[in-house]
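Chain and residue survey
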Amino acid sequence: MPLVRILVDGYSLLHNWPELAPGQPRHSERARDELIHLLTQYHDVTGEPITIFFDGAGAPAFVPKHDSSRNVEILFSRAGQTADEMIERAAHRFQSYGEVLVVTDDTAERDTVGGMGGSVCSCANFIRMIESAFTELQDELRNINRAERNRFKGRQ
C-alpha cells in the first residue's frame, strides 16, 4: 500500500532536534514555526502529506492557530486530550486508505500504532530521512544547473 500520510508528534520531534531553532525553548512558538516550515519544505520535496500534532491543552490562549492545508496540516489538542490520542485515532482512521507513518519517540505511542499495523519511525531516523531528501534535491538541482550551463555554453 502507498504511504497516505505522515503523522508527526511535533514536540517529540522538536525535543530530538536541538539544531532546529537553537537556543529557543522546545515548546516555543518560534521552535514550532521552524518545524512547520521545515516539514512544509519536506512535503514540497517528497509530495507526502503530513499532519503535525502538538499538545495544546497547556498552551496559552493567544497561541496562534497555524494555517493548515490538505498537504500540511497542523493540529493542537484540546483540554482533556493529548496529541498522542489524536495520533492514534488518525492512524486508525487512515488505515483503510493505505500505510501511515507515525513519527515519535514515545515508546507507548509507537507500540500502540505498531499494534494497529501502522508504521512507526523514530525521530532520529525521520530527521535523517529529511536531511537525505534535501541532499538528494540539492544534488539534482546541481546536476540540472550543470547541464543548463553546458547547454548555454554550447550556444555561444
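Since the model is a prediction, treat every value here as computed from it, not as a measurement.

Quick notes on the state of the cysteines
All told, the structure shown has zero disulfides when counted by the stated rule. The closest cysteine sulfur to the non-disulfide-bonded Cys123 is located on Cys121, 7.9 Å from its own sulfur. Taking relative accessible area as the criterion, Cys123 reaches 0% and is therefore assigned buried.

Some remarks on the pattern of salt bridges
Tallied over the full model, the rule gives three salt bridges. We note a salt bridge from Glu34 to Arg30, for which the minimum N-O separation is 3.9 Å. Placement of the pair is Glu34 and Arg30 together in helix 2 (residues 29–46), with a separation of four residues, close to one helical turn. Residue Arg142 is joined to Asp139 by a salt bridge in which the shortest nitrogen-to-oxygen separation is 2.9 Å. Here Arg142 pairs with Asp139, and both are found in helix 5 (residues 123–155), just three residues apart, close to one helical turn. Assessed through its relative accessible area of 43%, Arg142 is described here as partly exposed. Of the residues examined, Asp139 reaches a relative accessible area of 36% and is grouped as partly exposed.

Reading the values: the criteria
Residues numbered from 1 in each chain as written. Predicted model: local features only at pLDDT ≥ 70, side-chain atom pairs only at ≥ 80, totals over all residues. Heavy atoms only, no water. Disulfide = S-S within 2.5 Å. Buried < 20%, exposed > 50% of the residue type's maximum accessible area, 1.4 Å probe, protein only. Salt bridge = Lys/Arg side-chain N within 4 Å of Asp/Glu carboxyl O. Helix = DSSP H or I, 4+ residues; strand = E, 2+ residues; numbered from the N terminus.

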